[in-house]
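Below, each chain spelled out in residue letters.
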Amino acid sequence: MTDAIDAVDQPTPRRKPKEPITTIGGRQMKPSTLMMGYGYDPVLSEGSLKPPIFLTSTFAFENAAAGKRHFEGITGKRAGGAEGLVYSRFNGPNQEILEDRLAIWDGAEDALSFSSGMTAICILMMAFVSQGDVIVHSGPLYAASEGFVARVLSKFGVTYVDFPAGATREEIDAVLAKAKAQAEANGGKVAMIYLESPANPTNALVDVEAVKAARDAALDPSVTPIAIDNTFLGPLWQRPIDNGADIVCYSLTKYVGGHSDLVAGSVSGAKRWMDPVRALRNTMGGIADPNTAWMLLRSLETVELRMQRAGENAAKVCEYLRSHPKVEGLGYLGFIRDARQQDIFDRHCSGAGSTFSLFIKGGEAESFAFLDALKVAKLAVSLGGTETLASHPASMTHLSVPDERKAALGITDNLVRISIGIEDPDDLIADFEQALAKV
Ligand SMILES: *Cc1c(COP(=O)(O)O)cnc(C)c1O
């Protein structure tokens, strides 16, 4: 009897998770290996091989002292910051595992997840700008990013200076000088250099190494971070931190999520750059929800496989399309014709991606005939999913862009935007062949 009571009273020993490892036999493990386990130990969750989805709005403290300690960390009354989980607007187990794994892909110290790519980008920018500041950005940007700078931040006294994606070091120097003068006149600073490479839909690449050299020469690198939207080639084919960027952001909706079944975003970089972004996310909300974070953990296990296959498929499809009599040209990073762009590609990219522009001989009518005849590829905006998608930027995503700007960006009526998926490449070629026959 007493034995039974004693057994019940015996506190169960707290099971300790194993320390995560990143090396084996003196070897640094690759991200594709770490995606299966890093940051999660089944011992914490009844042995469940996969992390459960933690649907909770708040987290219980072990005792009052632990609660006090946590809030001392948050408020800065104790150095070292807050540890542990407290409330689901700030963090959660699924999001923390996801963020640890996203940081691995980018070679970053820290990462933050968001409810969409645009939430990530807007909170990132807002975390660094004050009234009078200037943002320098490459152009074109994803339309909503460009709009946020030009139409939203402008309401708070933030101005911008932009430069074309392919700009040379000299051109970037001139733009930074102009931005510096503008910031001084407005009583502010150059708050951020924000890049997107390759640019959509031109696929023009930004020379991140040249931007870093120009920034280091003209501005204080501890004040003006270089951020880059790496949605089109990351995390596999471009690692901008290696080229001198400080902050990398993503629409995880695209290749990282990869199944066209979720919307999410992320920002990664050194802790010192992430801390203000985290603080603003804590205030505003916008963290990815637990279910989406879990889906992304699933996606990260296959991101390398999927991107490799999509990249190989795109190379085969583009090889077929390049000599087709009804094709005027291709905007594909595997067939760069400009020597300077090729040089940037060779220094920054390890693959040509699977999103490209197809220029069909003719105009809107011919493009529509092609799009309407596709049987495997689906007619939809977005990119980076398992399935092949095709769209017509001039009449869809870029319909509201003024004609003059469309012409400057090369968004013509015969441009079809294609994102190749992981289907069988010969089936895709057969689909494009029969659709081009209908043009
Ligand atoms: C889709 C996209 C975004 C926006 O991401 P959402 O997840 O849709 O909010 C930002 N940048 C690029 C390059 C994109 O393709």
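What you see is a predicted model, and the numbers here were worked out from it, not measured in a lab. Per-chain numbering applies: the sequence of each chain, read as written, is numbered from 1 onward. Only residues with pLDDT of 70 or above have their local features reported here, since the model is predicted, and side-chain atom pairs are shown and tallied only from 80 upward, although totals for entire chains, interfaces and linings are computed over all residues. Excluding hydrogens and water, the side-chain values take into account all heavy atoms of the structure.

1. A look at the site of the ligand
Operational definition: Being near a molecule or strand, for a residue, means having at least one of its heavy atoms within 4 Å of it. Contacts described as polar in this section are N or O atom pairs within 3.5 Å, which, within protein, must combine one atom able to donate a hydrogen with one able to accept it, while residues neighboring in sequence count only if both atoms come from side chains. Each accessible area value is a Shrake-Rupley result obtained with a 1.4 Å probe; residue values ignore everything except the protein chains displayed when judging cover. Put simply, DSSP marks the helices as runs of H or I at least four residues long and the strands as runs of E at least two long, and each gets a number from the N terminus on. Residue polarity is assigned by list, with Asp, Glu, Lys and Arg as charged and Ala, Val, Leu, Ile, Met, Phe, Trp, Tyr, Cys and Pro as nonpolar; anything else, Gly included, falls into the polar class.
The immediate surroundings of the ligand are formed by 14 residues, with Met 118, Asp 229, Ser 251, Thr 253 and Lys 254 found nearest. One of the side-chain N or O atoms of Ser 251 is found 2.8 Å from an oxygen atom in the ligand. Note that an oxygen atom of the ligand is positioned 2.6 Å from one of the side-chain N or O atoms of Thr 253. Within the complex, the protein chains bury 92% of what would otherwise be the 380 Å² of accessible surface of the ligand. The biggest single contributor to the shell around the ligand is helix H5 (residues 117-128), with 3 residues. Partitioning the shell around the ligand into residue classes produces 6 nonpolar, 5 polar and 3 charged.

2. Some points on the pairing of strand S8 (residues 247-251)
Quick note on the threshold: Only protein chains enter the accessibility calculation, which uses a 1.4 Å probe. A residue is then buried if its area is under 20% of the maximum for its type, exposed if over 50%, and partly exposed in between. The rule for pairing is simple: two strands pair if DSSP sees at least two bridges between them.
Judged by how many residues are buried, S8 sits mostly within the fold: 5 of 5 residues are covered. Residue alternation in S8 divides its side chains into two sets, Ile 247, Cys 249 and Ser 251 and Val 248 and Tyr 250, and both sets are buried. With 3 bridges joining them, strand S7 (residues 226-229) and S8 adopt parallel strand pairing. Following the sheet pairing, Ala 227 is matched in S8 by Ile 247. Note that S8 and strand S9 (residues 265-269) share 5 bridges and pair antiparallel. Within S9, the position partnered with Tyr 250 by the bridge is Ser 266.

3. A closer look at the pairing of strand S5 (residues 159-164)
Condition: When the strands point away from the viewer and the path from the first strand over the helix to the second turns clockwise, the crossover is right-handed.
Pairing analysis gives 6 bridges linking strand S4 (residues 134-139) to S5, with the strands arranged parallel. Bridging from a neighbouring strand, Gly 139 pairs with Pro 164 of S5. Assessed by its sense of winding, the connection that carries the chain from S4 through helix H6 (residues 143-152) to S5 is right-handed.

4. Things to note about the packing of aromatic side chains
Heads up, the condition is: Working definition: rings of Phe, Tyr and Trp (its six-membered ring) pair if their centres are within 6.5 Å, and the pair is stacked with planes under 30 degrees apart, edge-to-face with planes over 60 apart, and tilted otherwise. Cation placement over rings: the criterion is NZ of Lys or CZ of Arg within 6 Å of the ring centroid and within 35° of the ring normal.
Counted under the stated rule, the structure contains 7 aromatic pairs. When the centroid spacing of 5.1 Å and the interplanar angle of 85° are considered together, the rings of Tyr 332 and Phe 335 count as edge-to-face. Comparing Tyr 332 with Phe 335 shows no difference in burial state: the two are buried. Taking NZ or CZ as reference, Arg 272 lies 3.9 Å from the ring centre of Trp 273, over its face. The ring of Phe 335 is capped by Arg 322, whose NZ or CZ atom sits 3.6 Å from the centre of that ring.

5. Here's the deal with the nonpolar core
Stated formally: What we call a nonpolar core is a set of buried Ala, Val, Leu, Ile, Met, Phe, Trp, Tyr and Cys residues that are connected through their side-chain atoms within 4.5 Å. Should any heavy atoms of two residues lie within 4.5 Å, those residues are counted as being in contact.
By size, the foremost hydrophobic cluster in this structure holds 86 residues, and its most contacted members are Phe 163, Leu 195, Leu 321, Phe 356, Leu 358, Phe 370 and Ile 418. With 11 residues, the single largest contributor to this core is helix H10 (residues 290-322). Excluding anything up to four places from it in sequence, Phe 370 contacts Leu 358, Ile 360, Val 416, Ile 418, Phe 432, Ala 435, Leu 436 and Val 439. Val 129, Leu 141, Val 149 and Cys 249 belong to the second-largest nonpolar core, a separate cluster that totals 27 residues.

6. Side note on the pattern of salt bridges
The condition that has to hold: Should a side-chain nitrogen of Lys or Arg be within 4 Å of a carboxyl oxygen of Asp or Glu, the pair is scored as a salt bridge.
As enumerated under the stated definition, the model contains 18 salt bridges in all. The closest approach of N and O atoms between Glu 301 and Lys 50, which form a salt bridge, is 2.7 Å. With Glu 301 in helix H10 and Lys 50 in the loop between helix H2 (31-34) and helix H3 (64-75), the pair connects residues that are 251 residues apart, well separated along the chain. Across the salt bridge formed by Asp 216 and Lys 212, the nearest N and O atoms sit 2.9 Å from each other. Of this pair, Asp 216 and Lys 212 are both found in helix H8 (residues 208-218), 4 residues apart, which corresponds to roughly one turn of the helix. One network of salt bridges, in which partners are shared, links Asp 207, Glu 209, Arg 340, Asp 343 and Arg 347.

7. Points about the packing of H5 against H6
Selection criterion: Every axis corresponds to a line fitted to the C-alpha atoms, with the helix fit spanning only the stretch in contact, and the corresponding angles, defined between N-to-C directions, vary from 0 to 180 degrees. Angle categories: roughly parallel below 35 degrees, roughly antiparallel above 145, roughly perpendicular from 65 to 115, and oblique for all the rest. Handedness of a crossing follows from how the near helix is turned relative to the far one, being left-handed for an anticlockwise turn of less than a right angle and right-handed for a clockwise one.
The N-to-C vectors of H5 and H6 enclose an angle of 30°; their axes lie 10 Å apart at closest approach. Considered as vectors, H5 and H6 are oriented roughly parallel to each other. Between H5 and H6 the crossing geometry is right-handed. Contacts from Met 118, Ile 121, Cys 122, Met 125 and Met 126 in H5 reach Ala 144, Ser 145, Phe 148 and Val 149 in H6. A class-by-class count of the residues in the contact of H5 with H6 yields 8 nonpolar, 1 polar and no charged.

8. Considering a negative patch on the surface
Here is the rule we go by: Patch criteria: residues need more than 30% relative accessible area and no salt bridge. Like-charged residues are merged within 9 Å; nonpolar side chains of Val, Leu, Ile, Met, Phe, Trp and Tyr are merged within 5 Å. Here the positive residues are Lys and Arg and the negative ones are Asp and Glu; neither His nor the chain ends is included. The location of each charge is read from NZ of Lys, CZ of Arg, CG of Asp or CD of Glu.
On the surface, Glu 364, Asp 403, Glu 404 and Asp 413 cluster together into a negatively charged patch. The topology assignment puts Glu 404 in helix H13 (residues 403-409). Overall, Glu 404 belongs to the exposed group, its relative accessible area being 72%.

9. Describing the sheet that holds strand S6 (residues 190-196)
If you walk across this open sheet you meet the 7 strands as S3-S9-S8-S7-S6-S4-S5, and the pairing is mixed. A single partner strand is all that each edge strand has here, and the edge strands are strand S3 (110-114) and S5. On average, adjacent strands in this sheet sit at an angle of 20° to one another, irrespective of strand direction. For S4 and S6, the ladder comprises 4 bridges, and the chain directions are parallel. Its bridge partner being in S6, His 137 is matched across the sheet by Tyr 194. Against the sheet, helix H7 (residues 169-185) touches S4, S5 and S6, its axis set at about 175° to S5.

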